Structures are given as C-alpha cells and as structure tokens.
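Understanding the architecture of this molecule
Here are the chains, one letter per residue:
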Amino acid sequence: MTQPLGPVMLDLEGAALTSAERKLLMRPEVGGVILFARNIVDAGQVSELCAAIRRIRPDLLLGIDQEGGRVQRLKEGVTRLPSMGKLGSIYADVPQDGLQLCHDAGWLLGMEMAACGLDLTFAPVLDVDVGRSQVIGDRSFSRDPLAVTALAGAFIDGLHEAGMVAVGKHFPGHGGVEADSHHELPLDDRSLQALREHDLVPFAKLASRLDGIMPAHVIYKAFDDRPAGFSPSWLGMLREELGFKGAIFSDDLSMAGAHVAGGPDARAHAALEAGCDMVLVCNDREAALAVADACQGRASKRQAKLRYGRARPELDTLPALSRWRRTHARLEALASAS
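The rules behind these values
Residues numbered from 1 in each chain as written. Predicted model: local features only at pLDDT ≥ 70, side-chain atom pairs only at ≥ 80, totals over all residues. Heavy atoms only, no water. UniProt positions renumbered as here; feature names shortened; annotations may be inferred. Helix = DSSP H or I, 4+ residues; strand = E, 2+ residues; numbered from the N terminus. Rg over C-alpha atoms; globule rule 2.2 N^0.38 Å. Buried < 20%, exposed > 50% of the residue type's maximum accessible area, 1.4 Å probe, protein only. Contact = heavy atoms within 4.5 Å. Areas by Shrake-Rupley, 256 points an atom, 1.4 Å probe, with all protein chains shown as cover. Lys, Arg positive; Asp, Glu negative; His and termini not counted. Charge placed at Lys NZ, Arg CZ, Asp CG, Glu CD. 1 Å grid on protein atoms, 1.4 Å probe; cavity = no way out; pocket = protein on both sides within 12 Å on 5 of 7 lines; lining within 4 Å. Pairing = 2+ DSSP bridges. Expected span 1.5 Å × (residues − 1). Polar contact = N/O pair within 3.5 Å; in protein donor to acceptor, adjacent residues only side chain to side chain. Points joined across faces, edges and corners; volume = space filled by probe spheres on them. Core = buried A, V, L, I, M, F, W, Y, C linked by side-chain atoms within 4.5 Å. Axes fitted to C-alpha atoms, helices over the stretch in contact; angles between N-to-C directions. Left-handed = near helix turned anticlockwise from the far one by under 90°. Nonpolar A, V, L, I, M, F, W, Y, C, P; charged D, E, K, R; others polar.

In the nomenclature of an unreviewed UniProt entry, the protein is known as Beta-hexosaminidase of Modicisalibacter luteus. The Sequence similarities (unreviewed entry) comment attached to the protein in UniProt states, word for word, "Belongs to the glycosyl hydrolase 3 family. NagZ subfamily." According to its UniProt record, the protein has this under Catalytic activity (unreviewed entry): "Hydrolysis of terminal non-reducing N-acetyl-D-hexosamine residues in N-acetyl-beta-D-hexosaminides."

If you want it as structure tokens, here you go:
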C-alpha cells in the first residue's frame, strides 16, 4: 500500500550530505530531493549520494533535470544526450527514424537514471517552440504541436519501458513568451483559443500517459491573471477537462516568476491550494525551511506513486546490452555534432 509523502522537494548544498541536511531530510514535510550540477561529480558518486539519502529516508522521491542538450546535470558516466530539437530535426527528415530514436532515448535515459538511484527526471519538455523563448528554444522537440506530441509520446513510451515515470513541462506551454521565468514573470497575451490550438495540444493529447506535470510560472491573461502554477483554473482544467490523474509539481518557487505570490510560505500555500501536489524550493535554504514549516501535516499519495518500482539496473552492466550500446553511440554522436 502506498504511504503518503510530504509535499516539499528541496535541494542539497554539495556532493555529500551535511549533518544539517541529514536532520532536514527526516522532517515528514520533506518528500523529495532534486539534484543539481553542484551535487554531481559523476554517475558513481550520484549513486552513492542517492544511497546515502535512502539510508536516512527510503521513501523519499529523488529527481533530477536531465533533458539532454543544454539541460543535463549529470554528464560523466552516462550518455551525453543531444537536444530534443536535434531529435525533432531527424523526425522532420525521416519520421519513423525520429520516433524510434526518441523511444530509445527515453528508454536509455530511464535506465541510466534508475541505475544511478534516481526515481525521475523532469522530462520530457512539451513546450512548442515558436522562436520567441530563448529559455525553451531547442529544449523543445519542434515548432509543430503535432510533432511535439508524437516525439514526446515516443519518449514517454521509452521512459515507461525502462520503468521510469514521465513528467511533462511546462503546462500549458512556455514557448510563446520571451521572458525567462527564472528572472522575471512572463506574460503570454494570446487568446485561450490560440493556446488550445497550439501550446496546449501536446498536454491535451498526452495527459493520460503522463505521470507528472509541471506548470509554468507564466501568466496567460486570457484565462487567469495568476501564473499557471498558482491558478486553480489552469490546474482545474488539467484535472477536469484533460483528465490528468498524476502528480502536479510546482516549478521552483524560488524563481523570480513565482515571487508574485508573496513570501516562500505564501507561494507554497498558493501552489498547493491551486492543486499542486509537490512544491520545489531550490537554491534558498531559508525559504525551504519556511516552506517545510508551512506544510506541516500535508501529504499526498500522488507523488509517492512515482517512486521507481523495479529492481534497478546496474551502471556497469548497461554496456552489456546491445540496445544500450547502439543507442548510446548514436546519441553521443548527435550530441557531439550539436
């Protein structure tokens, strides 16, 4: 039986746990840890760090941003992945080849992250690139919503084949704004109809196949004057109209785009009341402590269901798999050529 898990996902200071972090991870409000580049030396060290965390709290959800291209926190000891835009360009030339490569890339990524001790990577990106957002850009599979849907669907299938969940982002679409929500609050002034016909397409078509979704710190004024991650209207659409049944993760509440909701505890409260199941608080330990205090007594089973449930593959045995060798070689070549 799945036990509820606290709603706070936080980060760590370095490549090994501090004594203060060991105490912090024991707090029931803390339900997960996300790793960044500063926490990582190589795959073997990540495996040891994950094992150290699990000795303290076996139930914690361990995640990472490992998309490929510009967003790949773990680089040593695993496959260097090309951008998803690169895979999209292959699909544009030879659709079946692109779909198969996306499926294999999802499978390989899932196997490698599972072997490192992680439960999930925040992927795939479902944003549709419209040539305006530098923060999205080639993180997107394509400028065509249907191509994004097909390629992300293949990637999701690959992750699932490896036993790993898929977390789509950034609902309802971050590709149509120039501003970077890490540094300011973007405003998308398109009509709801325009969003439905473009950015929302991948989310609408893939909602039933996703295990998690992360909304954007973006305001879409045609629908709500609150950022999507703080909007009961947007998250209600996700649940009720699109039928999404998985876990909703807030984007990092320390990002500038989230500050519109107030202080750290107010941001967490707003995100959870809007419908998020788990809130990320990164790069600000004081804020993480305040959010943990504000979340006492809260827990959910949705995020607890995302833990990796199979016997984990071993890093040193993956090269024995001919499929891994073939996919690894092709993806590394594409990454080098990018």
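Side note on the overall build of the protein
Each helix and strand counted, the protein has eleven helices and twelve strands in total. Scaling as 2.2 N^0.38, a compact globule of 338 residues should have a C-alpha radius of gyration of about 20 Å, and the protein matches this with 19 Å. Judged by the C-alpha coordinates and their principal axes, the protein covers about 50 × 50 × 35 Å. Taking all 338 residues of the protein together, the buried fraction comes to 59%. Considering only residue pairs separated by 6 or more positions, the protein has 77% of its internal contacts joining residues 24 or more positions apart. As presented, the protein carries roughly 13000 Å² of accessible surface, and 50% of it is formed by carbon and sulfur atoms. Considering the protein, the positive charge centre built from 37 side chains and the negative charge centre built from 44 side chains are found 4 Å apart.

Considerations on the UniProt feature "active site" (unreviewed entry) in the protein
According to UniProt, the feature "active site" (unreviewed entry) maps to His182 and Asp251 in the numbering used here. Maximum C-alpha separation among the annotated residues is 9.8 Å over a sequence range of 70 residues, consistent with a single clustered spot. Within the annotated group just given, the residues that line the largest pocket are His182 and Asp251. Leave out the neighbours within four places in its chain, and His182 touches Val135, Met255 and Ala256. Here Asp251 shows up in the loop between strand S11 (247-248) and helix H9 (264-274). Excluding its chain neighbours within four sequence positions, the residues that come into contact with Asp251 are His170, Met214, Pro215, His217 and Leu280.

A word on the sheet that holds strand S6 (residues 120-121)
Through backbone hydrogen bonds, the strands of a sheet pair up, either in parallel or in antiparallel fashion. Taken in spatial order, the five strands line up as S6-S3-S2-S1-S12 in an open sheet, and their pairing is parallel. Each end of this open sheet is capped by a strand with a single partner; those strands are S6 and strand S12 (279-281). For strand S1 (residues 8-10) and strand S2 (residues 30-35), the ladder comprises three bridges, and the chain directions are parallel. In the sheet register, Val8 faces S2, and the bridge partner there is Val30.

Remarks on helix H2 (residues 43-56)
With 14 residues, H2 should cover 20 Å at 1.5 Å per step; its first-to-last C-alpha distance of 20 Å lies within 8% of that length. Every buried residue of H2 is accounted for by Ala43, Gln45, Val46, Leu49, Cys50, Ala52, Ile53, Arg54 and Ile56. Contacts made by the buried residues of H2 are with helix H1 (19-24), S2 and strand S3 (61-64). Where H2 begins, the side chain of Asp42 points an oxygen toward the backbone nitrogen of Gly44, at a separation of 3.2 Å.

Observations regarding the layout of surface pockets
Here the largest pocket defines a volume of roughly 320 Å³. What lines the largest pocket is a set of 24 residues, among which Asp65, Arg73, His182, Asp251 and Met255 lie closest to the centre.

What to know about the sheet that holds strand S7 (residues 167-171)
The parallel open sheet is built from three strands, whose spatial order is S7-S9-S11. Since the sheet does not close on itself, it has two edges, and those belong to S7 and S11, each with one partner. Where S7 meets strand S9 (residues 212-215), four bridges bridge the pair, whose relative direction is parallel. Bridging from a neighbouring strand, Val167 pairs with Gly212 of S9.

A look at the nonpolar core
With 92 residues, the main nonpolar core has Leu25, Val33, Leu35, Ile53, Leu118, Phe171 and Trp234 as its most contacted residues. Take this core: its biggest share by element is ten residues, from helix H4 (residues 95-115). Residues in contact with Leu118, not counting those within four places in the same chain, are Leu35, Val46, Cys50, Arg54, Leu62, Gly63, Ile64, Met113, Met164, Tyr308 and Arg312. Grouped together as the second largest cluster of nonpolar side chains are 17 residues, Ile34, Val165, Ala247 and Met278 included.

Points about the packing of H4 against helix H5 (residues 145-161)
A pair of packed helices is captured by two measures, namely the crossing angle of their axes and the spacing between those axes. Put simply, H4 and H5 touch, their axes get as near as 6 Å, and they point 35° apart. Every pair of crossing elements has a handedness; the one defined by H4 and H5 is right-handed. Residues Gly98, Leu99, Cys102, His103, Ala105, Gly106, Trp107, Leu109 and Gly110 of H4 lie in contact with H5, whose contacting residues are Ala150, Leu151, Ala154, Phe155, Asp157, Gly158, Leu159 and Glu161. In terms of residue class, the contact of H4 with H5 is made up of ten nonpolar, five polar and two charged.

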